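Listed here are the chains, written in short residue letters.
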Amino acid sequence: MNYEQLIQNFLSIMANELSPNDFEIVKQNIRKISIKFLEKESMSTSGLYNPNGLITLHRKDEVTFYHELFHASSSYYDENKLVLNSGFHHQHINEKKDIGRGFNEGYTELLTQRYFGKNGDSGYSNELHYAKLIEHLIGKEQMQSFYFKSSLDDLITEMCKYNSLENVLKFIENMDKFIILTELKENKIHSFSENTPFTEYSKWFDELNEYVNQTYNELNQFIIESHLNKLYNDSDYEKKKAELMAMMSTPLSFNFREYSFNIDLQMSGNNRTI
Ligand SMILES: [Zn+2]
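Residues numbered from 1 in each chain as written. Predicted model: local features only at pLDDT ≥ 70, side-chain atom pairs only at ≥ 80, totals over all residues.

### Section: the overall build of the protein
Okay, so step 1: When helices and strands are counted, the protein shows 12 helices and 9 strands.
Okay, so step 2: In terms of overall dimensions, the protein is globule-like: its C-alpha atoms have a radius of gyration of 20 Å, near the 19 Å expected for 274 residues.
Okay, so step 3: A principal-axis box enclosing the C-alpha atoms of the protein has dimensions of 60 × 50 × 35 Å.
Okay, so step 4: For the protein, the proportion of its 274 residues judged to be buried stands at 30%.
Okay, so step 5: At a minimum sequence separation of 6, the contacts of the protein that also span at least 24 residues come to 55%. (Helix = DSSP H or I, 4+ residues; strand = E, 2+ residues; numbered from the N terminus. Rg over C-alpha atoms; globule rule 2.2 N^0.38 Å. Buried ≥ 20, exposed ≤ 12 C-beta atoms within 10 Å, placed from the backbone. Contact = placed C-beta atoms within 7 Å.)

Structure (structure tokens):
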């Protein structure tokens, strides 16, 4: 792969698509990167970005590289607050506080697919689905701008126009659960031995499924509530509601299991809440 050429291609597409201010951020950040290729068969990630500018790739494919370039374009370290900001992911170094990881991966993947296409399964299809619905709620230009400025606070403020702060924070926290549960599941599988009774094994996975299903329902509930609050009094209410339902009706999957939702039913139980 010719990284230099891919970077040039990335910059020329971003120059066309982004506002001059957002593009300036991208340009400054891309200047700082360095790239390393590490062959590791068993890695679950295909690429990594570290906010000092290093991109580590485990798979040589262009789409993975573009995904990492988006992380690189939207990251900075706040030395005063000791916070690592990367898009919508904020990590407090000393307090071990971490917020927005799932949301950030979903939106990074959305941008990658929008501008550079898709290459197999990124592993973030749930996060992407909900990030797309939030973009639908607050608007593409605004959301892209918050992402490159790495301003989770602006995103939260905007989302609070349509729901309570408590629900917004819960939504962002729920978006992290797919990544957390995937890691937990991998550790759990390693802890099972040949002698583990099947009942114990299946009980754990039943509980996992139950929990995932509940998470999906809470995420859907938030999306529905927020959109209906926004659409309240809209002259095109029925049309926009149908559009939302179509976007939400895609079946989602976690751990090889498909989950589908009765959006009509979830929506009909909803009244304007704020
Ligand atoms: Zn990523």
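### Regarding the environment of Lys32
Okay, so step 1: Note on placement: Lys32 falls in the loop between helix H2 (20-31) and strand E1 (34-37).
Okay, so step 2: When the 13 C-beta atoms within 10 Å are taken as the criterion, Lys32 is described as partly exposed.

### Quick look at the sheet that holds strand E6 (residues 89-92)
Okay, so step 1: With antiparallel pairing, 4 strands are arranged side by side in an open sheet as E4-E5-E6-E7. The open sheet has two edge strands, strand E4 (75-78) and strand E7 (97-99), and neither has a second partner. Here the average twist between neighbouring strands, direction ignored, is 10°.
Okay, so step 2: As paired strands, E4 and strand E5 (residues 83-86) are joined by 4 bridges and run antiparallel to one another. Paired with Tyr77 across the bridge in E5 is Leu84. (Pairing = 2+ DSSP bridges. Axes fitted to C-alpha atoms, helices over the stretch in contact; angles between N-to-C directions.)

### Section: the pairing of E6
In summary, the side chains of a regular strand alternate between the two faces of the sheet.
Okay, so step 1: Here E5 runs beside E6; their pairing, made up of 4 bridges, is antiparallel. Each residue of the ladder has a partner; that of Val83, found in E6, is His92.
Okay, so step 2: Between the end of E5 and the start of E6, which pair antiparallel, lie 2 residues, with Gly87 showing a positive phi angle near 55°.
Okay, so step 3: Where E6 meets E7, 3 bridges bridge the pair, whose relative direction is antiparallel. When the bridges of E7 are listed, Gln91 appears paired with Asp98.
Okay, so step 4: From the end of E6 to the start of E7, which pair antiparallel, there are 4 residues, and Lys96 there has a positive phi angle of about 55°.

### Quick notes on the packing of helix H3 (residues 62-73) against helix H4 (residues 101-116)
Okay, so step 1: Where H3 meets H4, the axes come as close as 9 Å, and the angle between the chain directions of the two elements is 125°. Between H3 and H4, the angle is such that the two are oblique. When you trace H3 past H4, the crossing you get is right-handed. Facing Val63, Tyr66, His67, Phe70 and His71 of H3, the residues of H4 in contact are Thr108, Glu109, Leu111, Thr112 and Phe116. (Parallel < 35°, antiparallel > 145°, perpendicular 65-115°, else oblique. Left-handed = near helix turned anticlockwise from the far one by under 90°.)

### So, the domain arrangement of the protein
Okay, so step 1: Annotation of the protein at the domain level lists domain 1 (3-127) and domain 2 (170-268).
Okay, so step 2: On the side of domain 2, 7 residues touch domain 1, which itself brings 8 residues to the contact.
Okay, so step 3: At the level of secondary structure, the elements contributing two or more residues to the side of domain 1 that touches domain 2 comprise H4 and helix H5 (125-138).
Okay, so step 4: Looking at the side of domain 1 that touches domain 2, the element that brings in the most residues is H4, giving 4 residues.
Okay, so step 5: Split into classes, the residues belonging to the side of domain 1 that touches domain 2 amount to 2 nonpolar, 4 polar and 2 charged. (Domains from an automatic or database assignment. Nonpolar A, V, L, I, M, F, W, Y, C, P; charged D, E, K, R; others polar.)

### Some words on helix H6 (residues 140-148)
Okay, so step 1: Buried within H6 are the following residues: Met143, Gln144, Phe146, Tyr147 and Phe148.
Okay, so step 2: Contact partners of the buried residues in H6: H2, H3, H4, H5 and helix H7 (152-159).
Okay, so step 3: Of the residues trailing H6, Ser150 is marked for its positive phi of about 55°.

### Considerations on the nonpolar core
Okay, so step 1: Within the largest apolar cluster, 48 residues are counted, with the highest numbers of intra-cluster contacts made by Tyr107 and Ala131.
Okay, so step 2: With 7 residues, helix H10 (residues 198-231) is the single largest residue contributor to this core.
Okay, so step 3: Two domains share this core, each providing at least three of its residues, namely domain 1 (3-127) and domain 2 (170-268).
Okay, so step 4: Tyr107 has contacts with Gly87, Phe88, Ala131 and Tyr147, leaving out every residue within four places of it along the chain. (Core = buried A, V, L, I, M, F, W, Y, C linked by C-beta atoms within 7 Å.)

### A look at the sheet that holds E1
Okay, so step 1: Taken in spatial order, the 3 strands make up an open sheet running E1-E3-E2, and their pairing is mixed. Here the strands that pair on one side only, and so sit at the sheet edges, are E1 and strand E2 (47-50). Mean inter-strand twist for the sheet, computed between neighbouring axes without regard to direction, equals 20°.
Okay, so step 2: Pairing of E1 with strand E3 (residues 54-57), which is carried by 4 bridges, proceeds in the parallel orientation. Along E3, the bridge assignment pairs Ser34 with Leu54.
Okay, so step 3: The strands touched by H3 are E2 and E3; relative to E2, the strand with the most contacts, the crossing angle is about 15°.

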